[in-house]
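Secondary and tertiary structure notes
Residue strings, one per chain:
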Amino acid sequence: MKKGVMRPGHIQLRVLDMDEALQHYVDLMGLIEMDRDEQGRVYLKGWTEVDKYSVVLREADQPGVDFVGLKCLDEATLDRLNADLQAAGVATEEIAAGDLKECGRRIAFTIPTGHRLELFATKQQTGKWGVGNRNPEAWPRDLKGMKATRFDHCLLYGPDVPATVKLLTDVLGMDLAEQLVDPEGKQLAAFMTVSMKAHDLAFIEHPEPGKLHHASFYLDTWNDVLNAADLISMTDTSIDIGPTRHGLTHGQTIYFFDPSGNRNEVFAGGDYHYPDHEPVTWDSEQLGKAIFYHDRQLNERFMTVLT
Amino acid sequence: MNDTYKHNRSTIETAQHRIELADAQTSFNASSEQSVLVAMERAGQALIPVGCRGGGCGQCRIRILNGEYFSKRMSRAWVSPEEEAEGTVLACRVYARSDLTIEPDPPEVATSWSTVDRANP
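Model, not experiment: these values are computed from the prediction. (Residues numbered from 1 in each chain as written. Chains lettered and ligands numbered in written order. Predicted model: local features only at pLDDT ≥ 70, side-chain atom pairs only at ≥ 80, totals over all residues. Heavy atoms only, no water.)

1. Focus on the pairing of strand β2 (residues 32-36) of chain A
Residues and elements named next belong to chain A. Sheet analysis places β2 next to strand β3 (residues 42-45), joined by 4 bridges and oriented antiparallel. Looking at β3, one finds that Glu 33 is bridged to Leu 44. Counting the residues that bridge the hairpin from β2 to β3 gives 5 residues, and of these Gly 40 lies at a positive phi of roughly 90°. (Pairing = 2+ DSSP bridges. Helix = DSSP H or I, 4+ residues; strand = E, 2+ residues; numbered from the N terminus.)

Structure follows, in structure tokens:
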């Protein structure tokens with residue numbers, strides 16, 4: 001949080017069929033529907049999140065990610081970062097307050113990997129869902145499915161990861177927590193954080209810009225990951241891989257797909273990062289183990305199945 | 001138990017269609033309630049590449065050369081409306097309504113990793 005960027009505050013995902021998407025994100029994953037707008041977008045969140053929403057679903061004829069919003073400390077930070085981005089040669093666009101419901105103005109820009117990021121500082125806070133913030137109970141009793149606690153991070157695929165890392169580090173004050181490099185030292189994957197989390201935004205080098213590998217949600221324990229795996233089987237949900245552990249970040253994980261083919265992850269555990277930590281580096285000769293720590297072999301789907 | 005029950009019921013109530021590949025002697029059965037891709041997976045075959053199974057990633061693109069089918073919305077990144085009208089579809093989003101003759105047509109997805117050894121057992 002060196003420059004006032006706090007966390008990934010929202011992600012807007014495109015889905016082919018809203019009703020099917022809601023069965024998946026609400027009934028299976030346990031996100032809470034918080035609102036809808038006149039464009040038909042649906043606003044969701046994990047129950048522990050204090051802001052009103054963190055996932056926005058938009059029906060479209062091509063799945064994938066529209067943008068990821070990073071929440072900043074305050075409006076003055078937004079102005080400063082906007083000026084810093086422009087000084088670094090990055091074109092920015094201001095989106096008026098209210099375009100996303102109960103959200104203040106957003107500063108949007110495109111990073112070298114082709115993804116649209118935006119900065120915002122103001123969003124209605126409805127508090128943790130189902131529990132107050134005065135003498136709160138441990139958890140609300142009527143959660144559904146996997147009971148996903150929060151939108152945690154996403155993994156984005158696109159070209160020029162090194163330039164993206166430089167921009168996010170120099171201008172937005174993010175840290176490189178973990179990376180994967182080839183024998184020549186070229187950065188093939190970068191896990192960026194603005195917090196103690198192992199990753200807030202992750203990137204993998206890929207020729208086509210703007211692709212989504214997965215959107216990830218946090219669970220409390222390994223047992224919750226196994227319960228999620230049971231629910232994936234019970235509902236015949238499209239499975240990718242897991243339950244297993246990642247080498248990178250060491251999170252305990254399962255990957256699966258929403259009904260439009262966007263990959264999701266639910267995970268537990270994993271490493272932490274402080275701003276004075278050196279990045280953790282994986283060598284590409286250890287790629288299999290870096291991605292899937294138990295199988296130690298990368299499947300083709302991990303590299304080519306994207307939205 | 002549930003799966004067994006559902007499987008038995010679908011065998012009784014729904015028609016089975018033969019999905020045949022154009023250039024080989026290979027085929028599998030698909031009920032009209034399962035996507036062509038999932039039917040292939042359940043038949044234990046690997047004739048079409050499997051990706052997301054949700055119409056998003058394009059891996060299971062095929063051309064349907066013959067037969068009747070119903071299709072759900074699929075990503076325009078991989079199949080244009082014109083191509084869809086001529087029988088190019090994603091196998092995970094189509095349901096057979098008769099016997100089908102198909103031909104895999106997976107898109108090339110380049111990666112930046114071709115020189116990297118992906119396994120280290």
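So, next bit.
2. Points about the interface of chain A and chain B
How big an interface is tends to be expressed through the accessible area that disappears when the partners come together. Contacts between the two partners involve 37 residues from chain A, matched on the other side by 31 residues from chain B. Buried area between chain A and chain B, summed over both chains or domains, comes out near 2,700 Å², and the portion from carbon and sulfur atoms is 52%. Per-residue buried area on chain A facing chain B is highest for Leu 16, Asp 61 and Thr 304 of chain A; these three make up 18% of the total on that side. On inspection of chain A and its partner chain B, the count reaches 3 salt bridges. The closest approach of N and O atoms between Arg 42 of chain B and Asp 236 of chain A, which form a salt bridge, is 3.4 Å. (Contact = heavy atoms within 4.5 Å. Buried area = accessible area lost by both parts, 1.4 Å probe. Salt bridge = Lys/Arg side-chain N within 4 Å of Asp/Glu carboxyl O.)

3. Looking at unusual backbone geometry
Residue and element names in this part refer to chain A. With omega at 0°, the peptide bond leading from Gly 242 into Pro 243 counts as cis. Tracing the chain through its elements places Pro 243 in strand β14 (residues 239-245). With a phi angle near 55°, Glu 102 is a residue other than glycine that sits in the positive phi range. Within the secondary structure, Glu 102 is located in the loop between β6 (93-95) and β7 (106-110). By relative accessible area, Glu 102 is classed as partly exposed at 41%. For Asn 135, which is not glycine, the phi dihedral falls at a positive 50°. Mapped onto the secondary structure, Asn 135 falls in the loop between β8 (116-120) and β9 (150-158). Overall, Asn 135 belongs to the exposed group, its relative accessible area being 71%. (Buried < 20%, exposed > 50% of the residue type's maximum accessible area, 1.4 Å probe, protein only.)

4. Let's talk about helix α2 (residues 75-87) of chain A
Residue and element names in this part refer to chain A. Under the 1.5 Å per step criterion, the end-to-end length of α2 is 19 Å for 13 residues, consistent within 8% with the ideal 18 Å. Along α2, the positions that sit buried rather than exposed are Thr 77, Leu 78, Leu 81, Asn 82 and Leu 85. Angularly, the buried residues of α2 cover 135° about the axis, an arc narrow enough to put them on a single face. Residues of α2 that are exposed and point more than 90 degrees away from the buried face comprise Ala 76 and Ala 87. Residues of α2 that are buried sit in contact with β1 (5-15), β5 (64-72), β7, β8 and α3 (161-170). (Expected span 1.5 Å × (residues − 1). Arc of directions from axis to C-beta.)

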